[in-house]
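The primary structure of each chain is shown beneath.
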Amino acid sequence: MQIPNHLAIIMDGNGRWAKKRQLPRIAGHRAGVENVRVIVKRCAELEIEALTLFAFSSENWRRPGKEVSLLMDLFSVALEQEIDRLHGNGVRLQVIGDPAAFPSKLQDKIFKAETLTENNDALTLTIAANYGGRWDLVRAFQKLAQNIKDGSLEPEAITEEAVSEQLCLSQLPEPDLFIRSGGEQRISNYLLWQLAYTELYFTDCLWPDFDVEAFDQALASYNRRQRRFGKTGEQIEQENAYGESSQA
């Protein structure tokens, strides 16, 4: 089986999962956090290099204030409970997005967790929190514009590579597979630049129910795809055949 190097996931459906069970929405979010542990473990088993999870978008501040506050508390508690386990398993944790809007205590916990795990190399687990793809791009363009203003960069030197280097996740390969649970079929301002050639997989399964079997079904779908990157199918088949013959 072909294993993707980098997976990007939108963990959707927590609130609907709770509603179906006549539970408060926060119960669904707690169940979603529990499921993150399941998926991280499966990624580690398959030796996947990177897993990036969309936990809280820059648009999620529009939700009811009470729910936002509970989500911040849940994020804080999850960091406390999971960081030692992640570190013990060699997982590097990083958070992308604008942390300025988070409570100072949560910002401190994020910094300590990132520092503790920064040298781990079994799996890079990235949490996108207060993140938006447009914010990511604007931030990159602002940095490049400042470099031009300072005289350290010429306008013609702004290439795709130059933009990529200024984005979040610049140190990781672009995602091979994007998964969205919960039935919606959009990318919702998530990794807009990085998903340019990513294979997309949508499922009706709500995130707390997205277990190992559902995860493996997504990987099976990925394995049925032919990634061409602008080439023809015949070219890819010839390259694969050449690669197999050269290894024989």
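Conventions adopted
- Residues numbered from 1 in each chain as written.
- Predicted model: local features only at pLDDT ≥ 70, side-chain atom pairs only at ≥ 80, totals over all residues.
- Heavy atoms only, no water.
- 1 Å grid on protein atoms, 1.4 Å probe; cavity = no way out; pocket = protein on both sides within 12 Å on 5 of 7 lines; lining within 4 Å.
- Points joined across faces, edges and corners; volume = space filled by probe spheres on them.
- Helix = DSSP H or I, 4+ residues; strand = E, 2+ residues; numbered from the N terminus.
- Nonpolar A, V, L, I, M, F, W, Y, C, P; charged D, E, K, R; others polar.
- Pairing = 2+ DSSP bridges.
- Axes fitted to C-alpha atoms, helices over the stretch in contact; angles between N-to-C directions.
- Contact = heavy atoms within 4.5 Å.
- Phe/Tyr/Trp six-rings, centres within 6.5 Å; stacked < 30°, edge-to-face > 60°.
- Buried < 20%, exposed > 50% of the residue type's maximum accessible area, 1.4 Å probe, protein only.
- Expected span 1.5 Å × (residues − 1).
- Parallel < 35°, antiparallel > 145°, perpendicular 65-115°, else oblique.
- Left-handed = near helix turned anticlockwise from the far one by under 90°.

**Student:** Would you mind showing me how to read the layout of surface pockets here?
**Tutor:** A water-sized probe, rolled over the atoms, reveals where empty space remains. In this structure, the largest pocket occupies an estimated 1200 Å³ of space. Looking at the lining of the largest pocket, the elements with two or more residues in it are α1 (14–20), α2 (25–45), β2 (50–57), α3 (65–88), β3 (91–96) and β4 (123–131). With 10 residues, α3 is the single largest residue contributor to the lining of the largest pocket. A per-class count over the lining of the largest pocket returns 25 nonpolar, nine polar and 12 charged.

**Student:** Would you mind showing me how to read the environment of proline 99 here?
**Tutor:** Here proline 99 lies in the loop between β3 and α4 (104–117). Sequence separation between proline 99 and tyrosine 131 is 32 residues, and the spatial gap between their C-alpha atoms is 8.9 Å.

**Student:** Got a minute to help me understand the sheet that holds β3 in this structure?
**Tutor:** Sheet strands pair via backbone hydrogen bonds, and the direction of the pair is either parallel or antiparallel. Here six strands make up an open sheet; going across it, the order is β3-β4-β2-β1-β5-β6 and the pairing parallel. The open sheet terminates on both sides in strands that have one partner only, identified here as β3 and β6 (199–202). Strand-to-strand twist of the sheet, defined as the mean angle between neighbouring strand axes without regard to direction, takes the value 20°. One ladder, built from five bridges, connects strand β1 (residues 6–10) with β2; its direction is parallel. Across the sheet, the residue bridging to leucine 7 is leucine 51, located in β2. Relative to β3, α3 is tilted by about 155°, and along the sheet it contacts β2, β3 and β4.

**Student:** Help me out: how do you make sense of the packing of aromatic side chains in this one?
**Tutor:** Two measures describe an aromatic ring pair: the distance that separates the ring centres and the angle between the ring planes. In this structure the tally under the stated criterion is 11 aromatic pairs. A centroid spacing of 5.9 Å and a plane angle of 70° characterise the contact between phenylalanine 178 and phenylalanine 202, whose relative ring orientation is edge-to-face. You can see phenylalanine 178 sitting in strand β5 (residues 177–180) and its partner phenylalanine 202 sitting in strand β6, a full 24 residues away along the chain. Here phenylalanine 178 falls in the buried class, since its relative accessible area comes to 0%.

**Student:** Would you mind showing me how to read α2 here?
**Tutor:** Structural remark: α-helix, 3.6 residues per turn; residues separated by three or four positions point the same way. Over its 21 residues, α2 runs 31 Å from end to end, which matches the ideal 30 Å to within 8%, given 1.5 Å per residue. Within α2, burial applies to Ile26, Ala27, Gly28, His29, Ala31, Gly32, Asn35, Val36, Ile39, Val40, Arg42 and Cys43.

**Student:** What is the right way to read the packing of α2 against α3 from this model?
**Tutor:** Geometry of a packed helix pair, given as the angle between the helix axes and the separation of the axes. Contact pair α2 / α3: the axes reach a minimum separation of 11 Å and the direction vectors enclose 25°. Between α2 and α3, the interaxial angle falls into the category roughly parallel. At the point where α2 passes α3, the crossing takes the right-handed sense. Two secondary-structure elements touch here, α2 through Arg25, Ile26, His29, Arg30, Val33, Arg37 and Val40 and α3 through Glu67, Leu70, Leu71, Leu74, Ala78, Glu82, Arg85 and Leu86. Across the contact of α2 with α3, the residue classes break down as eight nonpolar, one polar and six charged.

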